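# Chain and residue survey
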Amino acid sequence: MIFNIPFIAVTALVLIGLYTVIFRRNLIKMVIGITIIQSGVNLFLITLGYRENSVAPIFTSLPPGTIVPEGMSFPVPQALTLTSIVIGVAVLALMLSLIIHIYRHYGTLDSKEIGGNEE
Amino acid sequence: MSEMSKIVRTISSISFPLIIIYGLYIISHGHLTPGGGFQGGAVVASGCAMILVAYGSIWTIGKMKEKNLSLLESIGAICFILLAIFGLGFGAVFFNNFLVGSDFLFGTIPSAGSTIANINTGGVIPLMNFAVGIKVIAGLFAIVLVMAHASSTREGKK
Amino acid sequence: MSKRNFAAVVFFLVIAVFFFFSALMMHPFGVPEKADMDDEIIKGVQIETGTNNGVTSVVFDYRGFDTLGEATILFTAVAGVIMVFRRLKQ
(Lines give C-alpha, C1' and ligand atoms only; values in the text may rest on other atoms or scores of the structure.)
Protein backbone atom coordinates (compact mmCIF):
# COMPACT_ATOMS: atom_id res chain seq x y z
CA MET A 1 0.00 0.00 0.00
CA ILE A 2 2.65 2.51 0.98
CA PHE A 3 4.59 1.79 -2.20
CA ASN A 4 1.60 2.85 -4.25
CA ILE A 5 1.71 6.44 -3.01
CA PRO A 6 2.71 7.89 -6.43
CA PHE A 7 -0.22 6.16 -8.11
CA ILE A 8 -2.57 7.52 -5.46
CA ALA A 9 -1.13 10.98 -6.10
CA VAL A 10 -1.87 10.50 -9.82
CA THR A 11 -5.45 9.52 -8.92
CA ALA A 12 -5.86 12.59 -6.73
CA LEU A 13 -4.56 14.93 -9.45
CA VAL A 14 -6.79 13.46 -12.14
CA LEU A 15 -9.85 13.54 -9.87
CA ILE A 16 -9.26 17.17 -8.85
CA GLY A 17 -9.02 18.12 -12.50
CA LEU A 18 -12.10 16.11 -13.43
CA TYR A 19 -14.09 17.71 -10.59
CA THR A 20 -13.10 21.15 -11.85
CA VAL A 21 -14.05 20.33 -15.43
CA ILE A 22 -17.44 18.88 -14.48
CA PHE A 23 -18.69 21.16 -11.73
CA ARG A 24 -17.24 24.60 -12.51
CA ARG A 25 -18.91 26.83 -15.06
CA ASN A 26 -16.16 29.36 -15.64
CA LEU A 27 -14.17 28.59 -18.80
CA ILE A 28 -10.83 29.68 -17.34
CA LYS A 29 -11.33 27.33 -14.40
CA MET A 30 -12.15 24.50 -16.79
CA VAL A 31 -8.88 25.15 -18.62
CA ILE A 32 -7.04 25.02 -15.27
CA GLY A 33 -8.72 21.66 -14.59
CA ILE A 34 -7.60 20.28 -17.96
CA THR A 35 -4.03 21.37 -17.17
CA ILE A 36 -4.18 19.60 -13.79
CA ILE A 37 -5.39 16.39 -15.50
CA GLN A 38 -2.51 16.68 -17.93
CA SER A 39 0.08 17.01 -15.16
CA GLY A 40 -1.44 13.94 -13.53
CA VAL A 41 -1.01 12.00 -16.76
CA ASN A 42 2.62 13.17 -17.02
CA LEU A 43 3.28 12.02 -13.46
CA PHE A 44 1.69 8.66 -14.28
CA LEU A 45 3.95 8.13 -17.30
CA ILE A 46 7.09 9.03 -15.36
CA THR A 47 6.04 6.79 -12.46
CA LEU A 48 5.52 3.79 -14.77
CA GLY A 49 9.07 3.99 -16.05
CA TYR A 50 10.93 4.17 -12.74
CA ARG A 51 13.07 1.32 -11.44
CA GLU A 52 14.37 1.18 -7.91
CA ASN A 53 17.73 2.93 -7.35
CA SER A 54 18.02 3.75 -11.04
CA VAL A 55 19.68 6.66 -12.81
CA ALA A 56 18.62 8.47 -15.96
CA PRO A 57 19.45 6.61 -19.22
CA ILE A 58 22.39 8.85 -20.14
CA PHE A 59 25.86 7.41 -20.58
CA THR A 60 27.88 10.63 -20.18
CA SER A 61 29.92 10.20 -16.97
CA LEU A 62 27.77 7.55 -15.34
CA PRO A 63 28.07 7.06 -11.59
CA PRO A 64 30.55 4.20 -11.02
CA GLY A 65 29.03 0.83 -10.27
CA THR A 66 25.92 1.22 -12.41
CA ILE A 67 24.64 -2.03 -13.95
CA VAL A 68 23.83 -1.07 -17.53
CA PRO A 69 20.41 -2.44 -18.43
CA GLU A 70 19.00 -2.93 -14.91
CA GLY A 71 20.30 0.20 -13.23
CA MET A 72 18.65 2.67 -15.60
CA SER A 73 15.06 3.88 -15.74
CA PHE A 74 13.03 3.42 -18.94
CA PRO A 75 13.70 5.92 -21.75
CA VAL A 76 10.44 5.45 -23.66
CA PRO A 77 8.01 6.89 -21.03
CA GLN A 78 10.32 9.85 -20.50
CA ALA A 79 10.37 10.57 -24.24
CA LEU A 80 6.59 10.31 -24.42
CA THR A 81 6.28 12.69 -21.46
CA LEU A 82 8.50 15.17 -23.29
CA THR A 83 6.19 14.99 -26.29
CA SER A 84 3.16 15.32 -24.03
CA ILE A 85 4.47 18.49 -22.33
CA VAL A 86 4.99 20.32 -25.63
CA ILE A 87 1.57 19.23 -26.91
CA GLY A 88 0.09 20.48 -23.62
CA VAL A 89 1.63 23.92 -24.05
CA ALA A 90 0.36 24.16 -27.64
CA VAL A 91 -3.17 23.07 -26.76
CA LEU A 92 -3.22 25.41 -23.74
CA ALA A 93 -2.30 28.39 -25.93
CA LEU A 94 -4.98 27.48 -28.47
CA MET A 95 -7.63 27.07 -25.74
CA LEU A 96 -6.77 30.40 -24.12
CA SER A 97 -6.89 32.30 -27.39
CA LEU A 98 -10.26 30.77 -28.25
CA ILE A 99 -11.51 31.77 -24.78
CA ILE A 100 -10.39 35.36 -25.38
CA HIS A 101 -12.29 35.25 -28.67
CA ILE A 102 -15.40 33.87 -26.94
CA TYR A 103 -15.23 36.60 -24.29
CA ARG A 104 -15.00 39.33 -26.91
CA HIS A 105 -17.99 37.84 -28.73
CA TYR A 106 -20.37 36.94 -25.90
CA GLY A 107 -19.18 39.22 -23.07
CA THR A 108 -19.23 36.43 -20.51
CA LEU A 109 -17.24 33.37 -19.49
CA ASP A 110 -20.12 31.30 -18.09
CA SER A 111 -20.40 28.10 -20.09
CA LYS A 112 -24.17 27.75 -19.50
CA GLU A 113 -24.95 31.25 -20.75
CA ILE A 114 -22.79 30.70 -23.83
CA GLY A 115 -24.26 27.32 -24.72
CA GLY A 116 -27.86 28.52 -24.46
CA ASN A 117 -29.31 27.17 -21.22
CA GLU A 118 -32.56 25.28 -21.72
CA GLU A 119 -33.45 24.97 -18.01
CA MET B 1 1.32 45.46 -22.56
CA SER B 2 3.18 48.66 -21.77
CA GLU B 3 6.80 48.82 -20.73
CA MET B 4 7.91 48.43 -17.13
CA SER B 5 10.23 50.53 -14.96
CA LYS B 6 13.90 51.20 -15.61
CA ILE B 7 15.15 48.68 -13.01
CA VAL B 8 13.29 45.80 -14.66
CA ARG B 9 14.48 46.81 -18.12
CA THR B 10 18.14 47.02 -17.04
CA ILE B 11 18.13 43.68 -15.24
CA SER B 12 16.42 41.91 -18.13
CA SER B 13 18.82 43.39 -20.70
CA ILE B 14 21.75 42.16 -18.60
CA SER B 15 20.41 38.63 -18.12
CA PHE B 16 18.99 38.16 -21.64
CA PRO B 17 22.29 37.12 -23.37
CA LEU B 18 23.10 34.69 -20.57
CA ILE B 19 19.70 32.99 -20.94
CA ILE B 20 20.11 32.79 -24.73
CA ILE B 21 23.59 31.26 -24.42
CA TYR B 22 22.37 28.74 -21.86
CA GLY B 23 19.48 27.70 -24.10
CA LEU B 24 21.76 27.29 -27.12
CA TYR B 25 24.12 25.19 -24.98
CA ILE B 26 21.22 22.93 -23.99
CA ILE B 27 20.21 22.56 -27.66
CA SER B 28 23.71 21.86 -28.98
CA HIS B 29 24.57 19.36 -26.24
CA GLY B 30 21.21 17.62 -26.46
CA HIS B 31 22.68 14.28 -27.48
CA LEU B 32 25.14 14.14 -24.59
CA THR B 33 23.58 15.66 -21.49
CA PRO B 34 19.97 16.01 -20.28
CA GLY B 35 18.24 18.37 -22.64
CA GLY B 36 17.49 18.64 -26.32
CA GLY B 37 15.65 20.72 -28.84
CA PHE B 38 12.39 21.09 -26.95
CA GLN B 39 13.89 22.05 -23.60
CA GLY B 40 16.50 24.45 -24.97
CA GLY B 41 13.91 26.04 -27.24
CA ALA B 42 11.64 26.55 -24.27
CA VAL B 43 14.49 28.24 -22.35
CA VAL B 44 15.28 30.64 -25.23
CA ALA B 45 11.60 31.41 -25.76
CA SER B 46 11.24 32.21 -22.04
CA GLY B 47 14.13 34.66 -22.35
CA CYS B 48 12.43 36.35 -25.30
CA ALA B 49 9.17 36.47 -23.33
CA MET B 50 11.03 38.18 -20.48
CA ILE B 51 12.20 40.87 -22.91
CA LEU B 52 8.60 41.18 -24.12
CA VAL B 53 7.29 41.69 -20.59
CA ALA B 54 10.01 44.21 -19.70
CA TYR B 55 9.93 46.37 -22.83
CA GLY B 56 6.30 46.12 -23.86
CA SER B 57 4.80 44.56 -26.94
CA ILE B 58 4.91 47.64 -29.20
CA TRP B 59 8.69 47.98 -28.93
CA THR B 60 9.16 44.22 -29.36
CA ILE B 61 6.95 43.91 -32.43
CA GLY B 62 8.96 46.74 -34.00
CA LYS B 63 12.07 44.60 -33.58
CA MET B 64 10.61 41.23 -34.53
CA LYS B 65 7.57 40.84 -36.73
CA GLU B 66 5.28 37.87 -36.27
CA LYS B 67 5.61 37.12 -40.00
CA ASN B 68 9.33 36.49 -39.58
CA LEU B 69 8.66 34.20 -36.65
CA SER B 70 6.20 32.18 -38.75
CA LEU B 71 8.82 31.97 -41.50
CA LEU B 72 11.43 30.76 -38.99
CA GLU B 73 9.09 28.11 -37.67
CA SER B 74 8.34 26.86 -41.16
CA ILE B 75 12.07 26.70 -41.89
CA GLY B 76 12.58 24.54 -38.80
CA ALA B 77 9.76 22.19 -39.78
CA ILE B 78 11.03 21.87 -43.36
CA CYS B 79 14.56 21.11 -42.14
CA PHE B 80 13.20 18.40 -39.85
CA ILE B 81 11.15 16.73 -42.58
CA LEU B 82 14.03 17.06 -45.08
CA LEU B 83 16.37 15.25 -42.70
CA ALA B 84 13.81 12.47 -42.39
CA ILE B 85 13.44 12.25 -46.19
CA PHE B 86 17.24 12.12 -46.56
CA GLY B 87 17.05 9.03 -44.37
CA LEU B 88 14.68 7.57 -46.95
CA GLY B 89 17.03 8.47 -49.78
CA PHE B 90 20.46 7.53 -48.40
CA GLY B 91 19.41 4.71 -46.12
CA ALA B 92 16.52 2.34 -46.25
CA VAL B 93 13.60 3.79 -44.31
CA PHE B 94 12.04 7.08 -43.27
CA PHE B 95 13.84 8.57 -40.23
CA ASN B 96 16.90 6.42 -40.89
CA ASN B 97 19.98 7.64 -39.04
CA PHE B 98 22.13 7.67 -42.18
CA LEU B 99 25.06 9.69 -40.82
CA VAL B 100 26.04 7.39 -37.96
CA GLY B 101 29.30 5.51 -38.53
CA SER B 102 30.10 7.52 -41.66
CA ASP B 103 32.87 9.75 -40.22
CA PHE B 104 31.46 12.71 -42.14
CA LEU B 105 29.61 15.00 -39.71
CA PHE B 106 28.69 13.94 -36.19
CA GLY B 107 29.45 10.42 -37.38
CA THR B 108 31.71 8.84 -34.74
CA ILE B 109 30.35 6.09 -32.52
CA PRO B 110 31.24 6.46 -28.82
CA SER B 111 32.86 3.58 -26.98
CA ALA B 112 30.48 1.49 -24.95
CA GLY B 113 29.77 2.19 -21.32
CA SER B 114 30.40 5.40 -19.42
CA THR B 115 32.21 7.91 -21.60
CA ILE B 116 33.14 11.55 -21.40
CA ALA B 117 31.28 13.98 -23.63
CA ASN B 118 32.33 13.81 -27.28
CA ILE B 119 30.28 16.27 -29.33
CA ASN B 120 31.13 14.64 -32.66
CA THR B 121 28.67 11.77 -32.19
CA GLY B 122 25.06 11.08 -32.90
CA GLY B 123 24.49 11.09 -36.66
CA VAL B 124 21.49 13.20 -37.63
CA ILE B 125 20.27 13.65 -34.04
CA PRO B 126 22.15 16.96 -33.35
CA LEU B 127 20.92 18.37 -36.68
CA MET B 128 17.35 17.39 -35.80
CA ASN B 129 17.90 18.99 -32.38
CA PHE B 130 18.78 22.28 -34.07
CA ALA B 131 15.78 22.08 -36.41
CA VAL B 132 13.33 21.36 -33.61
CA GLY B 133 15.00 24.00 -31.44
CA ILE B 134 14.44 26.72 -34.08
CA LYS B 135 10.86 25.52 -34.47
CA VAL B 136 10.08 25.61 -30.75
CA ILE B 137 11.75 29.02 -30.22
CA ALA B 138 9.79 30.61 -33.07
CA GLY B 139 6.51 28.87 -32.21
CA LEU B 140 6.37 29.66 -28.51
CA PHE B 141 7.58 33.23 -28.94
CA ALA B 142 5.08 33.83 -31.75
CA ILE B 143 2.23 32.65 -29.51
CA VAL B 144 3.24 34.93 -26.62
CA LEU B 145 3.95 37.91 -28.90
CA VAL B 146 0.67 37.70 -30.80
CA MET B 147 -1.37 37.34 -27.59
CA ALA B 148 0.36 40.31 -25.92
CA HIS B 149 0.13 42.51 -29.00
CA ALA B 150 -3.59 41.84 -29.59
CA SER B 151 -4.50 42.70 -25.97
CA SER B 152 -2.33 45.85 -25.96
CA THR B 153 -3.81 47.33 -29.16
CA ARG B 154 -7.33 46.84 -27.87
CA GLU B 155 -6.40 48.63 -24.64
CA GLY B 156 -4.85 51.53 -26.53
CA LYS B 157 -7.98 52.03 -28.60
CA LYS B 158 -10.27 52.55 -25.60
CA MET C 1 -30.34 19.69 -7.24
CA SER C 2 -31.48 19.10 -10.76
CA LYS C 3 -31.47 15.80 -12.60
CA ARG C 4 -28.41 16.64 -14.69
CA ASN C 5 -26.45 17.68 -11.65
CA PHE C 6 -27.32 14.41 -9.90
CA ALA C 7 -26.13 12.41 -12.91
CA ALA C 8 -22.87 14.33 -12.90
CA VAL C 9 -22.30 13.55 -9.21
CA VAL C 10 -22.98 9.82 -9.77
CA PHE C 11 -20.62 9.77 -12.77
CA PHE C 12 -17.88 11.50 -10.81
CA LEU C 13 -18.21 9.08 -7.85
CA VAL C 14 -18.05 6.01 -10.13
CA ILE C 15 -14.95 7.35 -11.84
CA ALA C 16 -13.36 8.17 -8.47
CA VAL C 17 -13.93 4.67 -7.03
CA PHE C 18 -12.66 3.04 -10.23
CA PHE C 19 -9.50 5.18 -10.27
CA PHE C 20 -8.76 4.62 -6.59
CA PHE C 21 -9.02 0.83 -6.75
CA SER C 22 -6.99 0.63 -9.94
CA ALA C 23 -4.31 2.75 -8.26
CA LEU C 24 -4.22 0.25 -5.39
CA MET C 25 -3.98 -2.67 -7.82
CA MET C 26 -1.01 -1.34 -9.79
CA HIS C 27 2.39 -3.01 -9.46
CA PRO C 28 4.50 -1.76 -6.54
CA PHE C 29 6.31 1.50 -7.22
CA GLY C 30 9.78 0.96 -8.66
CA VAL C 31 9.34 -2.69 -9.66
CA PRO C 32 7.89 -2.78 -13.20
CA GLU C 33 6.98 -6.20 -14.54
CA LYS C 34 7.94 -6.13 -18.23
CA ALA C 35 11.16 -4.42 -19.27
CA ASP C 36 12.19 -6.15 -22.50
CA MET C 37 11.78 -3.30 -25.00
CA ASP C 38 13.45 -0.69 -22.82
CA ASP C 39 16.33 -3.03 -21.99
CA GLU C 40 16.92 -3.59 -25.69
CA ILE C 41 16.88 0.16 -26.33
CA ILE C 42 19.31 0.88 -23.47
CA LYS C 43 21.69 -1.87 -24.61
CA GLY C 44 21.67 -0.78 -28.25
CA VAL C 45 21.56 2.99 -27.94
CA GLN C 46 25.32 3.64 -28.18
CA ILE C 47 25.93 1.22 -31.05
CA GLU C 48 22.86 1.91 -33.15
CA THR C 49 22.41 5.66 -32.85
CA GLY C 50 25.80 6.81 -31.60
CA THR C 51 24.42 9.04 -28.87
CA ASN C 52 25.00 8.94 -25.14
CA ASN C 53 21.54 10.25 -24.24
CA GLY C 54 18.90 7.55 -24.33
CA VAL C 55 15.92 9.88 -24.15
CA THR C 56 16.98 12.03 -27.11
CA SER C 57 17.71 8.95 -29.21
CA VAL C 58 14.23 7.61 -28.47
CA VAL C 59 12.65 10.96 -29.33
CA PHE C 60 14.47 11.51 -32.63
CA ASP C 61 15.42 8.04 -33.83
CA TYR C 62 13.45 5.11 -32.45
CA ARG C 63 10.17 6.99 -32.29
CA GLY C 64 10.65 9.74 -34.84
CA PHE C 65 7.08 9.55 -36.05
CA ASP C 66 5.82 10.69 -32.65
CA THR C 67 8.04 13.76 -32.93
CA LEU C 68 6.77 14.42 -36.45
CA GLY C 69 3.17 14.39 -35.19
CA GLU C 70 4.09 16.57 -32.25
CA ALA C 71 5.74 19.12 -34.56
CA THR C 72 2.56 19.11 -36.63
CA ILE C 73 0.47 19.83 -33.53
CA LEU C 74 2.76 22.72 -32.52
CA PHE C 75 2.55 24.17 -36.04
CA THR C 76 -1.25 23.86 -36.02
CA ALA C 77 -1.50 25.56 -32.63
CA VAL C 78 0.66 28.50 -33.71
CA ALA C 79 -1.32 28.88 -36.93
CA GLY C 80 -4.60 28.76 -34.98
CA VAL C 81 -3.49 31.39 -32.46
CA ILE C 82 -2.28 33.76 -35.19
CA MET C 83 -5.51 33.23 -37.16
CA VAL C 84 -7.72 33.98 -34.14
CA PHE C 85 -5.87 37.17 -33.22
CA ARG C 86 -5.62 38.41 -36.78
CA ARG C 87 -9.40 38.34 -37.08
CA LEU C 88 -9.67 39.96 -33.68
CA LYS C 89 -7.34 42.86 -34.41
CA GLN C 90 -9.55 44.33 -37.13
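The rules we used
Residues numbered from 1 in each chain as written. Chains lettered and ligands numbered in written order. Predicted model: local features only at pLDDT ≥ 70, side-chain atom pairs only at ≥ 80, totals over all residues. Heavy atoms only, no water. Contact = heavy atoms within 4.5 Å. Salt bridge = Lys/Arg side-chain N within 4 Å of Asp/Glu carboxyl O. Polar contact = N/O pair within 3.5 Å; in protein donor to acceptor, adjacent residues only side chain to side chain. Buried area = accessible area lost by both parts, 1.4 Å probe. Helix = DSSP H or I, 4+ residues; strand = E, 2+ residues; numbered from the N terminus. Nonpolar A, V, L, I, M, F, W, Y, C, P; charged D, E, K, R; others polar. Buried < 20%, exposed > 50% of the residue type's maximum accessible area, 1.4 Å probe, protein only. Axes fitted to C-alpha atoms, helices over the stretch in contact; angles between N-to-C directions. Parallel < 35°, antiparallel > 145°, perpendicular 65-115°, else oblique. Core = buried A, V, L, I, M, F, W, Y, C linked by side-chain atoms within 4.5 Å. pLDDT = per-residue confidence, 0-100. Lys, Arg positive; Asp, Glu negative; His and termini not counted.

## With respect to the interface of chain A and chain C
Often, the extent of an interface is quoted as the loss of accessible area on bringing the components together. The interface of chain A with chain C comprises 48 residues on the first partner and 47 residues on the second. Taken together, the links from chain A to chain C amount to 1 salt bridge. Asp-39 of chain C is the salt-bridge partner of Arg-51 of chain A, the closest N and O atoms lying 3.1 Å from each other. At the junction of chain A with chain C, the criterion picks out 7 residue pairs in polar contact (both at pLDDT 80 or more).

## Some details on the interface of chain B and chain A
Listed per partner, the contact involves 14 residues of chain B and 12 residues of chain A. Buried area between chain B and chain A, both sides added, is near 1100 Å², and the carbon and sulfur share of it is 70%. Applying the counting criterion to the chain B and chain A interface returns 0 salt bridges. Along the contact surface separating chain B from chain A lie 1 residue pair in polar contact (both at pLDDT 80 or more). Mapped by element, the contributors of at least two residues to the side of chain B that touches chain A are helix H2 (37–55) and helix H5 (125–157) of chain B. Broken down by element, the side of chain B that touches chain A gets its largest block of residues, 4 residues, from H5 of chain B. Among the residues forming the side of chain B that touches chain A, the class breakdown is 8 nonpolar, 5 polar and 1 charged.

## Here we look at helix H3 (residues 54–62) of chain C
All names here are of chain C. Most of H3 sits inside the fold, with 8 of its 9 residues counted as buried. Within the sequence span of H3, burial applies to Gly-54, Val-55, Thr-56, Ser-57, Val-58, Val-59, Phe-60 and Asp-61. Where H3 starts, the residue carrying a side-chain oxygen 3.2 Å from the main-chain nitrogen of Val-55 turns out to be Asn-53.

## A short note on the packing of helix H2 (residues 27–48) of chain A against helix H3 (residues 75–106) of chain A
All names here are of chain A. Where H2 contacts H3, the axes come no closer than 10 Å and their chain directions differ by 175 degrees. In terms of their interaxial angle, H2 and H3 are classed as roughly antiparallel. Between H2, through Leu-27, Ile-28, Val-31, Ile-34, Thr-35, Gln-38, Asn-42, Leu-45 and Ile-46, and H3, the contact on the second element is made entirely by Pro-77, Gln-78, Thr-81, Ser-84, Ile-85, Gly-88, Leu-92, Met-95, Leu-96, Ile-99 and Ile-102. Looking at the contact of H2 with H3 residue by residue, the classes come out as 13 nonpolar, 7 polar and no charged.

## Some words on the nonpolar core
Judged by nonpolar contacts, the single largest core of 26 residues is most densely connected at Phe-38, Phe-80, Met-128, Val-132 and Val-136 of chain B together with Val-59 and Phe-60 of chain C. Counting residues per element, the ones that place at least two in this core are H3 of chain A, H2, helix H4 (66–90) and H5 of chain B together with H3 and helix H4 (64–89) of chain C. A total of 6 residues in this core trace back to one element, the largest contributor, which is H5 of chain B. Each residue touching Val-136 of chain B, except ones within four places of it in the same chain, is listed here: Phe-38, Gly-41 and Ala-42 of chain B together with Leu-74 of chain C. Judged by nonpolar contacts, the second largest core, of 22 residues, contains Val-44 and Ala-148 of chain B together with Val-81 and Ile-82 of chain C.

## Describing the confidence of the model for chain A
On average, residues of chain A score 88 in pLDDT, and 95% of them are at 70 or above. Across chain A, H2 of chain A holds the top mean pLDDT of 94, while helix H4 (residues 111–115) of chain A sits lowest at 80.

## Quick look at unusual backbone geometry
Residue and element names in this part refer to chain A. Positive phi, close to 55 degrees, is recorded for Asn-53, a residue that is not glycine. Its location among the elements puts Asn-53 in the loop between H2 and H3. The backbone of Ser-61 shows a phi angle near 45 degrees, a positive value even though the residue is not glycine. Residue position: Ser-61 is located in the loop between H2 and H3.

## Things to note about the side chain of Asp-38 of chain C
Mapping Asp-38 of chain C onto the fold places it in helix H2 (residues 36–48). One buried charge, Asp-38 of chain C, has no salt-bridge partner; the nearest side chain with opposite charge is Arg-51 of chain A, at 7.2 Å. Setting aside residues up to four positions removed in sequence, Asp-38 of chain C forms contacts with Phe-74, Pro-75, Val-76 and Pro-77 of chain A.

## Notes on the pattern of salt bridges
A side chain with one charge may pair with a side chain of the opposite charge, provided their charged atoms come close. Taken as a whole and judged by the stated rule, the model has 4 salt bridges over all chains. Measuring nitrogen to oxygen at the nearest pair gives 3.1 Å for the salt bridge that ties Arg-25 of chain A to Asp-110 of chain A. Placement of the pair is Arg-25 of chain A in the loop between helix H1 (5–23) and H2 and Asp-110 of chain A in the loop between H3 and H4, with a sequence separation of 85 residues. Its relative accessible area of 40% is what places Arg-25 of chain A among the partly exposed residues. In this structure Asp-110 of chain A comes out as buried when scored by relative accessible area, which is 18%. For Arg-63 of chain C, the salt bridge is made with Asp-66 of chain C, and the minimal N-O distance between the two is 4.0 Å. A residue is classified by how much of its surface remains accessible, and Arg-63 of chain C, at 32% relative accessible area, is partly exposed. A residue is classified by how much of its surface remains accessible, and Asp-66 of chain C, at 32% relative accessible area, is partly exposed.

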